[in-house]
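Examination of the molecular architecture
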Amino acid sequence: MTAAERPVPYSTAPRERRTAARGGMLLTFVALAALPVVSGQNGYVLQVYTQTLLLASLALAWNVLGISGAVSLGHAAFFGTGAYVSALLSTIQDLSVWITIPLAGVFAAALGMLAGLICMRLRGAYFALATLAFVEIPRVITTNWDNVTQGSLGLVGLPGLPVLHWGDWRLDMAASSTAAYYFVFAYAVMVLCIVGIIQRSSFGLAFQALREEETAALSIGIPVSALRLLALSASAFFAGICGACYAHLVRYIEPGLVYGLYFSAIPMVLAICGGRFTILGPALAALVIYPLDQFVFHPLLPAGHEFLYGLALVLTVLFFPKGFWGYFGRTS
Amino acid sequence: MSLLTLHAVSKTFGDFTALKDINFVLDEGEVVGLVGPNGAGKSTLLNVISGRLKPSYGEVRFDNVLINGLKPQRICRLGISRTFQSSRLFAGMSASDNILAARLFGKGCRPRITGQDRDAARRALAFVGMTHKADTPAGDLTLSEQRRLDLARALATRPRLLLLDEIAAGFSPVLVKQAVSLVKKVRARGVTILIIDHFLNLSVRVSDRLLALDHGEKVAAGPPAEVLRNPDVMRAYLGLRHEGPGHTSRGKHAG
């Protein structure tokens, strides 16, 4: 299939606006790639941006389900499961983090499949509420499985990110914040590319059709439930890997943290602010909002800085209903 | 050769009987109008055939395959496609993408868009006279254009049986004329058609036979002229009292 033949989603944004958006996108990529050099390898700045890119990946993962029209309020279930699976396998089973991180994704995808089978008959707000309740299942199990998970005490001293070898060359990503930054950057770019491929593929067209009009989608043969299940599992897979990366970056996890509302709400807020049905929107929202929170709002309002997320959501709904990137780029 | 067979099909919702013991055979290549006043059960029957509703009793067979209770997407892949009375187009997608989406999972389709599919989408739009609207979002089209796009989308799944739900409802005489010629063009492609038509403005002009329903029951079936003269059909539509031959017990008390 040539580029010209590929299904291109309909866009309402004027051509000039889209050209400006593409330029901005390229500049952002270059700026992010050069950040460690530009920031003089400042540990704090790199830490914030590593977290930013992790949240961007989580928001992109959330949006793999989002493009099918479903809203999840429970992605912490997959994030937390990924974090715990990788943490436990790397500590108890002593497996390499290179293996435990993808395995975390697989476990999270299986949980996503289970959640899908339970909740797939529900639609709209009912589905969203069911996902919110679903988070409690892995959280309660983790909290009460004391002898393995240490319960609410959490797991401390987890192995850091893996060491890269290439002949004599060796890069310890646990010791170098620059290396950790590039590791998460690479993951975010990978998720972005996969989301882009899905959105621009025939499946993207099917997802768009089923979120626009489900009854008609069924009538033209689109297997709506199977596609939603696939989207939820894929979304959970990437969210699980985000959780695993988080566990090995922070090296400490506890149920209240990784299964908390924060990791359910943040990807949703970022995806809505950036543009739910766009490819880049959720990642761009993370790049704007999280550093703004950490560098500006947190020092000013240490106790209530998270109101920024609520403010961003309200402003988006009022002024950019299709999200920030929906205004500049592709709306579908 | 019979393509669709309805045998003693009934549909109940709690105590309410929407369809009662419907028997009908639709032959391949035929155009049949399904007529009746509001609440006659036309849409219920169409939903039963297309898989949106499961019949409470009876059998629906398509090409000798029992399709009772199959999901709509499975029924579509067997070769039955439908249009909708109220717009159920993918409003935010272009007219062309609406058709392309229908070529992903329809009968004999693969979930992959090729140049062949793009050509087919262009031909489908040309077929309904909408080539110039290919890039227009479906939500921005006029009522007539939306109905034509709905038809093109249904045809894109390559159906053997096409169910048209009130395709000319709300149309002016000129638009009805266009709809008549479009249905004739579809028929010329060898597609069997079942038309739901409340106002009879389309079905009497294109159908080989009419199937008339009233209160969920079959009241008449046959050539249009014959069905329209049927006293039960006249009573159902006009509320006329009829005392001649063929009157029913309900007819006796009507009026």
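For the structure, see preceding data.
In this report, we go over the structure that sits alongside the text. (Residues numbered from 1 in each chain as written. Chains lettered and ligands numbered in written order. Predicted model: local features only at pLDDT ≥ 70, side-chain atom pairs only at ≥ 80, totals over all residues. Heavy atoms only, no water.)

1. Considerations on the overall build of chain A
Helices and strands together make up the secondary structure of chain A, namely 16 helices and four strands. Here the C-alpha radius of gyration of chain A, 20 Å, is about what a compact globule of 332 residues would show, namely 20 Å. With the C-alpha coordinates of chain A rotated into their principal frame, the extents come out at 50 × 45 × 45 Å. The buried share of chain A, reckoned over its 332 residues, is 54%. In chain A, of all internal contacts separated by at least 6 residues, the share reaching a separation of at least 24 is 76%. Both charge centroids of chain A, one from 16 positive and one from 13 negative side chains, sit 12 Å from each other. (Helix = DSSP H or I, 4+ residues; strand = E, 2+ residues; numbered from the N terminus. Rg over C-alpha atoms; globule rule 2.2 N^0.38 Å. Buried < 20%, exposed > 50% of the residue type's maximum accessible area, 1.4 Å probe, protein only. Contact = heavy atoms within 4.5 Å. Lys, Arg positive; Asp, Glu negative; His and termini not counted. Charge placed at Lys NZ, Arg CZ, Asp CG, Glu CD.)

2. Looking at the nonpolar core
Formed by 145 residues in total, the largest nonpolar core has its most connected members in Phe 78, Ile 222 and Ile 253 of chain A. Counting residues in each nonpolar core, the second largest holds 27 residues, with Ile 22, Ile 49, Val 60 and Leu 163 of chain B among its members. (Core = buried A, V, L, I, M, F, W, Y, C linked by side-chain atoms within 4.5 Å.)

3. Quick notes on helix α4 (residues 97-119) of chain A
All names here are of chain A. Its 23 residues place the ends of α4 32 Å apart at the C-alpha level, agreeing with the 33 Å of an ideal helix rising 1.5 Å per residue. Turning to α4, the residues buried within the fold contact α3 (76-91), α5 (124-134), α6 (136-144), α8 (177-200) and α11 (224-250). With a side-chain oxygen positioned 3.0 Å from the backbone nitrogen of Trp 98, the residue opening α4 is Ser 96. (Expected span 1.5 Å × (residues − 1). Polar contact = N/O pair within 3.5 Å; in protein donor to acceptor, adjacent residues only side chain to side chain.)

4. Some points on the pattern of salt bridges
In total, this model carries 15 salt bridges over all chains according to the counting rule given. One salt bridge connects Arg 88 of chain B with Glu 213 of chain A, and the closest N-O pair in it is separated by 2.9 Å. Pair noted here: Arg 88 of chain B is in the loop between β6 (80-82) and α3 (95-102) and Glu 213 of chain A is in the loop between α9 (202-212) and α10 (214-219), and the two residues belong to different chains. A salt bridge links Arg 228 of chain A to Glu 214 of chain A; the nearest nitrogen and oxygen atoms lie 3.2 Å apart. (Salt bridge = Lys/Arg side-chain N within 4 Å of Asp/Glu carboxyl O.)

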